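Commentary on secondary and tertiary structure
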Amino acid sequence: MMKARKFFAEHIFPPLLGLGMFVLVWGMVTQTSENLPGPMKTWDSAVVLFSDPFYQNGPNDQGIGWNVLNSLGRVGIGFSLAALIGIPLGFMIGRFNFLNKMTSPIVSMLRPVSPLAWLPIGLLVFNASNPAAIWVIFISSIWPMIINTAMGVRQLPQDYLNVARVLNLSEWKIFTRILFPATLPYMLTGIRLAIGTAWLVIVAAEMLTGGVGIGFWVWDEWNNLNVEHIIIAIFIVGIVGLLLETMLVRIAKRFSY
Amino acid sequence: MKSYVQIENVQMSFSTRQGEFVALKDIDLKIERGEFITLIGHSGCGKSTLLNLIAGLLLPTDGVMLCADREIAGPGPDRGVVFQNHSLLPWLTCFDNVYLAVERVFGATEDKALLRQRTKEALALVHLSHAEQKYPHEISGGMKQRVGIARALSMQPRVLLMDEPFGALDALTRAHLQDELMKIVAATNSTVVMVTHDVDEAVLLSDRIVMMTNGPAATIGEILTVDLPKPRNRLALATDARYHALRGGVLEFLYQKQAKEAA
């Protein structure tokens, strides 16, 4: 009994209090504005919205569930392609100093560029908006994967390499038994950063490209002046991002030695 | 009969920013089969460098190094190394850490069942059969070091090279592992070269103690033969006059002839 109460006081109560105060401040702020919907109005709208998340009324009017799934799909494809290319590239850059010196000016120069700046290139090359959005996700998530994987390879402790030398292991065994497992935690950090950025960028990309997706949905609701839905979208994007992050932290914990 | 390990006129220098740094010079040492040699000296005297040269992790700038009549041109499984910090791979179980070594040496000629049996035997030798499926972070420092020894022994090396293997352990665990090492070496008739900075450890374990002068350009100062009968018992030796005489000899070399000011 005491234990349950202590757990509640330490772990449940503080976040609940924070959320409660957040809603309170939100309610107070909206009292002074006519256009911004308050918590109650948004809640009512959300109940209606989530009562039928998977309806389909043609290409421009689909349930919120479809919008989120479409966005997740784009992020999934762009992100997977980035992993497929970025991780092996990171391994090679980390292992061979020549390659590192060769690529580092390019990576350093392109990394700070907003991924959205690549959207027109995508539209030009692919001639369609959906691949262009995926292309933007690809660009935004490839940098953290290259950089973190390469860093993991470079930080491989000399001890492990000595073991490899003393046992005279083959290159393949060095990779599977030493290099890959030692680099895995760094790689997972890269993946986590990448998926965070990708989810951040997809909203903006979809606002520009249109189609079914949470980003375009926000833009569409703005044009409808349905501000409740925009606020709901903000919450959805936040919660999905949080879930993705939590999932990857769980996986990373499994592989920390 | 030719010596098992032969080191002739070996010199080792490193190029540093300040120019050439001579770590070792004029090293001559012959090690017989089944001998237990310890290298002792103040820190910075190059005893680990000498061990790494025998291991093949470093190549000498000058001189000849032979192991079983073959030139030492790089690391090889005929020389098993036990590192000071155990160097187990943390993502592999104790069993898999040893298996990695066994597979490398015997994988081409033996089937999996035999390889697994060799691994189990090596772990049984260091009394760790119960911890086979544990990961390194789940066992104590002394146990990790024992896995390291099992890994080195599992390759059936010609020479077992140990770089301050018990340096990071507490005194009681260290004594326990020294006793175990004596039994293992007696049972397997291994040839051992061990780096240490512990005088008692050197006298207890060695057939010969190689005492090194201070660096830079360190070399072998004296070689002390320890003719105490085996098996040795640390309790009996504690009151043995010959043991104390030998111990005194090493101490005299370290603190009188090669006295070093506190760095």
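Since this is a predicted model, take the numbers as computed values, not measurements.

Before going further, it helps to examine the pairing of strand 7 (residues 159–163) of chain B. All names here are of chain B. Among the 5 residues of strand 7, 5 are classified as buried, and the element is accordingly described as predominantly covered. With 4 bridges joining them, strand 6 (residues 79–82) and strand 7 adopt parallel strand pairing. Paired with V82 across the two strands is M162, which belongs to strand 7. The pairing of strand 7 with strand 8 (residues 191–196) spans 5 bridges and is parallel. Residue pairing for strand 8: M162 is matched across the bridge by M194.

A word on the packing of helix 3 (residues 64–95) of chain A against helix 8 (residues 171–209) of chain A. Residue and element names in this part refer to chain A. Packing of helix 3 against helix 8 leaves a shortest axis separation of 8 Å and a crossing angle of 140°. One finds that helix 3 runs oblique with respect to helix 8. Between helix 3 and helix 8 lies a crossing whose hand is right-handed. Considering only residue class, the contact of helix 3 with helix 8 consists of 16 nonpolar, 2 polar and 4 charged.

The next thing to look at is unusual backbone geometry. Residue and element names in this part refer to chain B. Note the cis peptide between K230 and P231, where omega equals -5°. The residue P231 is located in the loop between strand 10 (220–225) and helix 7 (234–237) in this model. Positive phi, normally seen in glycine, also occurs at N9, with a value near 55°. In this fold, N9 is placed in strand 1 (residues 5–16). At A217, a position not held by glycine, the phi torsion is positive, near 55°. Here A217 shows up in the loop between strand 9 (208–212) and strand 10.

Let us now look at the interface of chain B and chain A. Counting residues at the interface gives 21 residues for chain B, matched by 15 residues for chain A. Counting the surface chain B buries against chain A, the share from its top three residues, W91, L100 and R104 of chain B, is 35%. Between E103 of chain B and K173 of chain A there is a salt bridge, with the nearest N and O atoms lying 3.0 Å from each other. Our count for the chain B to chain A interface comes out at 6 residue pairs in polar contact (both at pLDDT 80 or more). Of all the secondary-structure elements, those providing two or more residues to the side of chain B that touches chain A are strand 6 and helix 2 (94–106) of chain B. A total of 4 residues in the side of chain B that touches chain A trace back to one element, the largest contributor, which is helix 2 of chain B. For the side of chain B that touches chain A, a count of residues per class yields 13 nonpolar, 4 polar and 4 charged.

Residues and elements named next belong to chain A. Packing of helix 5 (residues 119–126) against helix 6 (residues 129–154) leaves a shortest axis separation of 8 Å and a crossing angle of 135°. Considered as vectors, helix 5 and helix 6 are oriented oblique to each other. For the element pair helix 5 and helix 6, the recorded crossing hand is right-handed. Contacts between helix 5 and helix 6 involve L119, I121, G122, L123 and F126 from the former and S129, P131, A132, A133, W135 and V136 from the latter.

A few words on the packing of aromatic side chains. Taken as a whole and judged by the stated rule, the model has 13 aromatic pairs over all chains. Aromatic side chains Y160 of chain A and W91 of chain B sit 5.4 Å apart centroid to centroid with 75° between the ring planes, which places their arrangement in the edge-to-face category. Taken as a pair, Y160 of chain A in helix 7 (residues 158–167) and W91 of chain B in the loop between strand 6 and helix 2 lie in two separate chains rather than in one. For the pair shown, Y160 of chain A and W91 of chain B are each scored as buried. The interplanar angle of 25° and the centroid separation of 6.1 Å between the aromatic rings of W172 of chain A and F175 of chain A together place this pair among those described as stacked. Taken together, the residues span about one helical turn, with W172 of chain A and F175 of chain A both in helix 8 at a distance of 3 residues. Owing to a relative accessible area of 59%, W172 of chain A belongs among the exposed residues under this scheme. Each residue in the set F91, W172, F175 and F180 of chain A is aromatic and connected to the rest through ring pairs, giving one cluster. The ring of F255 of chain A has R254 of chain A lying over it, and the distance from NZ or CZ to the ring centre is 5.2 Å.

Residue and element names in this part refer to chain B. Taken in spatial order, the 4 strands of this open sheet run 2-1-4-5, and their pairing is antiparallel. A single partner strand is all that each edge strand has here, and the edge strands are strand 2 (19–31) and strand 5 (70–71). Taken together, the 2 bridges between strand 4 (residues 62–67) and strand 5 define a ladder with antiparallel strand orientation. For C67, the partnering residue across the bridge sits in strand 5 and is R70. In the packing of helix 1 (residues 47–55) onto the sheet, the strands contacted are strand 1, strand 2 and strand 4, and the crossing angle to strand 1 comes to about 115°.

So, on to a nonpolar patch on the surface. All names here are of chain A. Among the surface-exposed residues, F7, F8, I12, F13, L16, L17 and M21 lie close enough to one another that they form a single nonpolar patch of about 680 Å² accessible area. Inspection of the secondary structure assignment puts F13 in helix 1 (residues 2–31). For F13, a relative accessible area of 42% corresponds to the partly exposed category.

About the criteria used
Think of each chain on its own: its residues are numbered from 1, step by step along the sequence as written. Numbering of ligands from 1 and lettering of chains from A proceed in the order in which they are written. Under the rules for a predicted model, residues below a pLDDT of 70 receive no local features and side-chain atom pairs below 80 are neither given nor counted, while totals for whole chains, interfaces and linings still include all residues. Only hydrogens and water are set aside when side-chain values are computed; all heavy atoms of the structure are taken into account. Throughout this description, buried means an accessible area under 20% of the type-specific maximum (1.4 Å probe, protein chains only), exposed means over 50%, and partly exposed covers the range between. Only runs of H or I of at least four residues qualify as helices and only runs of E of at least two qualify as strands under DSSP, and these elements are numbered from the N terminus. DSSP-based pairing: two strands are paired if at least 2 bridges between them are found. The axes used here are C-alpha line fits, helices contributing only the stretch in contact, and every angle between their N-to-C directions lies in the interval 0 to 180 degrees. For classification purposes, an angle smaller than 35 degrees is called roughly parallel, one larger than 145 roughly antiparallel, one from 65 to 115 roughly perpendicular, and anything else oblique. Throughout, a crossing is termed right-handed when the near helix is turned clockwise from the far one, and left-handed when it is turned anticlockwise from it by less than a right angle. Residues are sorted three ways: Asp, Glu, Lys and Arg are charged, Ala, Val, Leu, Ile, Met, Phe, Trp, Tyr, Cys and Pro are nonpolar, and all the rest, Gly among them, are polar. Every residue pair with non-hydrogen atoms within 4.5 Å of one another is taken to be in contact. Once two parts are brought into contact, the accessible area they lose, counted with a 1.4 Å probe and summed over both, makes up the buried area. For salt bridges, the criterion is a side-chain nitrogen of Lys or Arg within 4 Å of an Asp or Glu carboxyl oxygen. The term polar contact refers here to a pair of N or O atoms within 3.5 Å; inside protein, the definition further demands a hydrogen-donor-capable atom paired with an acceptor-capable atom, and it admits residues adjacent in sequence only when both atoms are side-chain atoms. In this analysis, rings of Phe, Tyr and Trp, with Trp reduced to its six-membered ring, are considered paired at centre separations within 6.5 Å, and the interplanar angle assigns stacked below 30 degrees, edge-to-face beyond 60, and tilted for intermediate values. Put simply, a charge is over a ring when the Lys NZ or the Arg CZ is close to the ring centre, within 6 Å, and near the line of the ring normal, within 35 degrees. A patch consists of residues exposed above 30% relative accessible area that lack any salt bridge, with like charges linked at up to 9 Å and nonpolar side chains (Val, Leu, Ile, Met, Phe, Trp, Tyr) linked at up to 5 Å. Only the protein chains shown count as cover for residues, and all accessible areas are computed by the Shrake-Rupley method using a 1.4 Å probe.

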